[in-house]
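# Descriptive structure summary
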Amino acid sequence: MSDLPNPGLPAASNLAETRRPSQSKGIWIALASSAAFGLSGSFAKGLFEAGWSPTAAVAARMAGAALVLAIPALVAMRGRWVLLRTNWVSIVLFGLFGVGACQLCYFLAVQRLDVGVALLLEYLAPVLIVLVLWAKHQKRPSIATIAGTLLSLAGLVAVLDLAGTTRIDPIGVLWGLGAAIGLTVYFFISAKVDGALPPIMLSAGGMAVGALTMLGVGGLGILPMHWAAGTGSFAGFETPWWLALTGLILIATVFSYTTGVMAARELGSKVASFISLTEVLFAVLWAWLLLSELPGAVQLFGGLLIVCGVVLVRIDELRAARITRDLKRSRGRKSRTRSQ
């Protein structure tokens, strides 16, 4: 998904399964969401050039988005405040890891690496999920999942371009892998959230928690937090800090989240999650157009391997889910037949 994972995808799946989706409309909405998410790294670099620290950029992004989403989230709750009481632990963990840690690590990686390289490292999250589940359940994954994992790891080696002339900052790589860990934790948390909790409430609540956490991290001096009224460079033009921050909040956060939820409801979470992989391509494209950053040929090839590996893992997950669902339906039909 992105530096800011889309909470609409896991929570909206059942809604789309009950009716025929508008495929064409949903695909365009999903692509718009991915394009908007892909801008976050470029906007963040503009703030860094203006004199902002990554901690300040993350805090401002989350606080601004939480304020914008507050009213729609309250409307979506419609008095169902008991859902906050039963899901508050998941909301807090989502804010700490899925929003706060994931974004902060990604922005710290972007500060030292090209936007595309940082995002490709974050997209190793599905591979980490496979490894965690393998270690936890002591059950060997299928051949397709193992192949996807190995393909993604080979892609990681190519992205790092260890034998090439491209200089890769090792600390930036560690931050990128930290973003992947944050995204991994997000997926595990979101899978346990009560489906009755509106996705927009999870987003707004998580962002508020994340913003408070970042303010605490900066206030305690754990990481530097500073703002500046400088300018950044976009496509060769000097851009004021407030314009980069506005784009980061409204386009790369609020718009991308809203359209992500809409896409999930039109297509279902499965199809929408596949289309979200285009975020990597959009991030590379935006970084090239706005920042004149373009990974080398070997790194682009490594990125392709990572995406292909993730697709293989996702396909295998969907196949396993379909088999499980068909077995449950078959058992249900047999049970009804016996009762008759």
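As a starting point, this report considers the structure included with it. (Residues numbered from 1 in each chain as written. Predicted model: local features only at pLDDT ≥ 70, side-chain atom pairs only at ≥ 80, totals over all residues. Heavy atoms only, no water.)

## With respect to the overall build of the protein chain
A count of helical and extended segments in the protein chain gives 15 helices and 2 strands. Within the protein chain, buried positions represent 51% of all 340 residues. When contacts within the protein chain are restricted to residue pairs at least 6 apart in sequence, those whose partners lie at least 24 apart make up 89%. Of the roughly 15,800 Å² of accessible surface on the protein chain, 69% is carried by carbon and sulfur atoms. (Helix = DSSP H or I, 4+ residues; strand = E, 2+ residues; numbered from the N terminus. Buried < 20%, exposed > 50% of the residue type's maximum accessible area, 1.4 Å probe, protein only. Contact = heavy atoms within 4.5 Å. Areas by Shrake-Rupley, 256 points an atom, 1.4 Å probe, with all protein chains shown as cover.)

## What to know about helix 5 (residues 54-77)
For helix 5, with 24 residues, the first-to-last C-alpha span of 32 Å sits near the 34 Å given by 1.5 Å per residue. Of all the bends in helix 5, the greatest reaches close to 45° and is centred on Ala 70; the proline Pro 72 follows between one and four positions later. Directly beyond the C-terminal end of helix 5, a positive phi value near 50° is found at Arg 78. (Expected span 1.5 Å × (residues − 1). Bend = angle between axes of the 7 residues up to and from the residue.)

## Things to note about the pairing of strand 1 (residues 231-234)
Burial of strand 1 is one-sided: the residues Gly 232 and Phe 234 facing one way are buried, the residues Thr 231 and Ser 233 facing the other way are not. Between the end of strand 1 and the start of strand 2 (residues 237-240), which pair antiparallel, lie 2 residues, with Ala 235 showing a positive phi angle near 55°. (Pairing = 2+ DSSP bridges.)

## Observations concerning the nonpolar core
Counting residues in hydrophobic clusters, the biggest one holds 77 residues, and the most contacted among them are Tyr 106, Phe 107, Leu 121 and Met 207. With 12 residues, helix 6 (residues 82-112) is the single largest residue contributor to this core. (Core = buried A, V, L, I, M, F, W, Y, C linked by side-chain atoms within 4.5 Å.)

## Here's the deal with the side chain of Ser 256
For Ser 256, the position within the fold is in helix 12 (residues 241-267). Looking at Ser 256, its side chain comes within polar contact range of the main-chain oxygen of Ala 252, at 2.8 Å. (Polar contact = N/O pair within 3.5 Å; in protein donor to acceptor, adjacent residues only side chain to side chain.)

## With respect to helix 7 (residues 115-122)
Judged by how many residues are buried, helix 7 sits mostly within the fold: 8 of 8 residues are covered. Every buried residue of helix 7 is accounted for by Val 115, Gly 116, Val 117, Ala 118, Leu 119, Leu 120, Leu 121 and Glu 122.

## Topic: the pattern of salt bridges
All chains considered together, the criterion is met by 2 salt bridges. Salt-bridge contacts for Glu 293 lead to Lys 45; the nearest nitrogen and oxygen are separated by 2.5 Å. Of this pair, Glu 293 sits in the loop between helix 14 (278-291) and helix 15 (297-339) while Lys 45 sits in helix 4 (residues 40-49); the two residues are 248 residues apart in sequence, bridging distant segments of the chain. Judged by relative accessible area, which is 12%, Glu 293 ranks as buried. Lys 45 gets classed as buried once you look at its relative accessible area, which sits at 14%. Between Asp 169 and Arg 112 there is a salt bridge, and its shortest N-O distance comes to 3.0 Å. (Salt bridge = Lys/Arg side-chain N within 4 Å of Asp/Glu carboxyl O.)

## So, the environment of Ala 204
Its place among the elements puts Ala 204 in helix 11 (residues 199-219). Separated by 135 residues in sequence, Ala 204 and Leu 69 have C-alpha atoms that sit 5.7 Å apart. When neighbours within four sequence positions are excluded, Ala 204 is seen to be in contact with Ala 66, Leu 69 and Ala 73.

## Some remarks on a nonpolar patch on the surface
Side chains of Trp 88, Val 89, Leu 93, Leu 96 and Phe 97 sit close together on the surface and give an oily, nonpolar patch of about 440 Å² of accessible area. Position of Trp 88 among the secondary structure elements: in helix 6. (Patch = residues over 30% accessible without salt bridge, like charges linked within 9 Å, V, L, I, M, F, W, Y side chains within 5 Å.)

## Looking at the packing of helix 6 against helix 11
Two elements in contact, helix 6 and helix 11, have axes whose closest approach is 7 Å; the angle formed by their N-to-C orientations is 60°. Compared by their axis directions, helix 6 and helix 11 come out oblique. Read as a crossing pair, helix 6 and helix 11 show a hand that is right-handed. Contacts from Leu 84, Ile 91, Val 92, Phe 94, Gly 95, Leu 96, Val 99, Gly 100 and Leu 104 in helix 6 reach Met 201, Leu 202, Ser 203, Gly 205, Gly 206, Met 207, Val 209, Gly 210, Thr 213 and Met 214 in helix 11. Considering only residue class, the contact of helix 6 with helix 11 consists of 12 nonpolar, 7 polar and no charged. (Axes fitted to C-alpha atoms, helices over the stretch in contact; angles between N-to-C directions. Parallel < 35°, antiparallel > 145°, perpendicular 65-115°, else oblique. Left-handed = near helix turned anticlockwise from the far one by under 90°. Nonpolar A, V, L, I, M, F, W, Y, C, P; charged D, E, K, R; others polar.)

## Here's the deal with the packing of aromatic side chains
All chains considered together, the criterion is met by 4 aromatic pairs. Ring geometry for Phe 48 and Phe 107: centres 6.2 Å apart, planes at 80°, overall edge-to-face. Taken together, the residues span a long stretch of sequence, with Phe 48 in helix 4 and Phe 107 in helix 6 at a distance of 59 residues. Comparing Phe 48 with Phe 107 shows no difference in burial state: the two are buried. Joined through ring pairs, the aromatic side chains of Phe 48, Tyr 106 and Phe 107 make up one cluster. (Phe/Tyr/Trp six-rings, centres within 6.5 Å; stacked < 30°, edge-to-face > 60°.)

## Focus: the state of the cysteines
Counted under the stated rule, the structure contains 0 disulfides. The thiol of Cys 102 is unpaired, and the distance to the nearest cysteine sulfur, on Cys 105, comes to 7.5 Å. Exposure remark for Cys 102: the relative accessible area of 0% places this residue in the buried category. (Disulfide = S-S within 2.5 Å.)

Geometry only, nothing functional implied.
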